[in-house]
Amino acid sequence: MWYNREIHHTMKKVRPKKNLGQHFLTDLGIARRIADTVDACPSIPVLEIGPGMGVMTQYLYTKDREFKCVEIDTESVAYLQENYPKLRGGIIGDDFLRMNLDSVFGGRQFVLTGNYPYDISSQIFFKMLDNKDLIPCCTGMIQREVALRIASNPGNKAYGILSVLIQAWYDTEYLFTVDEDVFNPPPKVKSAVIRMTRNGRTDLGCDWPLFRRIVKTVFNQRRKMLRVSLKQLPLDDNKATPEFFQQEFLTKRPEQLTHEEFVRLTNMIAEVM
């Protein structure tokens, strides 16, 4: 387990809980590097998810900006309150996935960061997308496989739902890889640190809920041509004629489509629903 010499611990350390997907980072150098990824989005407040015993928190809350953290594990909350007395008003004992993010900083924008639990990292990023105007920047550590997916380009095996949906609104950067041996307990996979920064896009040029639905539908059958997987949608038979499905564009597979082509596809489908 990590030991932070800057703090005199009066409580026993928190036991990592398998059901919460906890893998505590033990390398302070890496913790500081991850914390410093928020510096690319200066001035605005920071919200850390899953601080655990505060290995990243100790570097985040000393930055010159407002800071809060959200932790679902009551044992970790008690530990943080004991060891970070200055943070007491900023430690939220809650489930991030159920929170109303407008209330965290009074409706102001904030940076999201953390050593994210692997089993819910995708859900965290879907929630980020639902609150994209509130979160101009998101950084942190996740499973390497998921990080590669987020930063992947069309034509790549890793390119999928997360790649398309996140890249519609965020510029993605794969920053660095983290080995298994700097955690307690060590995960079975490598980790990676990423940063996602809102691009200048305010309008996709199509209906966002339909775009999202189409992306999920076609990637759930990623080996099939679009003309096959799109038939799962509730299309109007009078409009979605056999001729419609004969269009050459619909012979593509989802991993071949750029963001712009997914916009085009969404607008095509909107006309035949």
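None of the values given here were measured: they were computed from a predicted structure.

Asker: Requested: an account of the overall build of the protein, with residues and values cited.
Answerer: A tally of helices and strands in the protein yields ten helices and nine strands. Principal axes of the C-alpha set define a box for the protein whose edges measure 70 × 40 × 30 Å. Pairs at least 24 residues apart make up 70% of the contacts formed inside the protein by residues separated by at least 6 positions. By element, 46% of the accessible surface of the protein is carried by carbon and sulfur atoms, the whole surface being about 13,000 Å².

Asker: I'd love a proper account of helix α5 (residues 144-151), names of residues and values included.
Answerer: Listing the buried residues of α5 in full gives V146, A147 and I150. Each buried residue of α5 sits inside an arc of 100° when the element is viewed along its axis, so together they form one side. Contact partners of the buried residues in α5: α4 (121-130), β6 (137-143), α6 (161-169), β7 (170-178) and β9 (191-198).

Asker: Let's hear about the packing of aromatic side chains: which residues, and what values?
Answerer: Using the criterion set out here, one finds nine aromatic pairs in the structure. Each ring, one from F211 and one from F262, has its centre 6.3 Å from the other, and the planes form 70°; the classification is edge-to-face. Taken together, the positions of F211 in helix α7 (residues 208-219) and F262 in helix α10 (residues 259-270) put the pair 51 residues apart, joining distant regions of the chain. Classification of F211 by relative accessible area gives buried; the value is 0%. Judged by relative accessible area, which is 0%, F262 ranks as buried. Site record: aromatic cluster; members linked through ring pairs are Y159, W169, W208, F211, F219 and F262. If you follow K68 out to its NZ or CZ, it ends over the ring of F105, 5.3 Å from the centre. The ring of F96 carries the charged tip of K127 above its face, separated from the ring centre by 5.6 Å.

Asker: Talk me through helix α1 (residues 28-35); I want residue IDs and the actual numbers.
Answerer: In an α-helix, one full turn covers 3.6 residues, which means residues spaced three or four apart are oriented alike. Looking at α1, one finds that the buried residues are I30, A31, I34 and A35. Buried residues in α1, looked at end-on, bunch into an arc of 140°, giving them a common side. The secondary structure elements touched by the buried residues of α1 are β1 (24-25), α2 (57-60), β6, β7 and β9. Of the residues flanking the start of α1, the one acting as N-cap is D27, its side-chain oxygen 2.9 Å from the backbone nitrogen of G29.

Asker: Tell me about the environment of T74, and name the residues and values.
Answerer: Summarising the element assignment, T74 is placed in helix α3 (residues 74-83). Note on T74: relative accessible area 66%, which makes it exposed. Considered as a pair, T74 and G52 are 22 residues apart in the sequence and their alpha carbons are 9.9 Å apart.

Asker: Kindly report on unusual backbone geometry, identifying the contributing residues and their values.
Answerer: Phi is positive for S43, close to 80°, though the residue is something other than glycine. Structurally, S43 can be placed in the loop between α1 and β2 (46-49).

Asker: I'd like a description of the pattern of salt bridges, backed by residues and values.
Answerer: Per the counting criterion, the structure on display carries eleven salt bridges. In this structure, K63 and D36 form a salt bridge, with 2.8 Å as the shortest nitrogen-oxygen distance. One end of the pair, K63, is in the loop between α2 and β3 (67-70); the other, D36, is in the loop between α1 and β2, with 27 residues separating them in the sequence. Residue class for K63 comes out buried when judged on its relative accessible area of 16%. Residue classification places D36 among the partly exposed positions, given a relative accessible area of 33%. Across the pair D133 and R198 runs a salt bridge whose closest N-O atoms are separated by 3.2 Å. Taken together, the residues D133 in the loop between α4 and β6 and R198 in strand β9 connect sequence positions 65 residues apart. One network of salt bridges, in which partners are shared, links D36, D39 and K63.

Cut-off values and rules
- Residues numbered from 1 in each chain as written.
- Predicted model: local features only at pLDDT ≥ 70, side-chain atom pairs only at ≥ 80, totals over all residues.
- Heavy atoms only, no water.
- Helix = DSSP H or I, 4+ residues; strand = E, 2+ residues; numbered from the N terminus.
- Contact = heavy atoms within 4.5 Å.
- Areas by Shrake-Rupley, 256 points an atom, 1.4 Å probe, with all protein chains shown as cover.
- Buried < 20%, exposed > 50% of the residue type's maximum accessible area, 1.4 Å probe, protein only.
- Arc of directions from axis to C-beta.
- Phe/Tyr/Trp six-rings, centres within 6.5 Å; stacked < 30°, edge-to-face > 60°.
- Lys NZ or Arg CZ within 6 Å of the ring centre and 35° of its normal.
- Polar contact = N/O pair within 3.5 Å; in protein donor to acceptor, adjacent residues only side chain to side chain.
- Salt bridge = Lys/Arg side-chain N within 4 Å of Asp/Glu carboxyl O.

On their own, these measurements won't tell you what the molecule is for.
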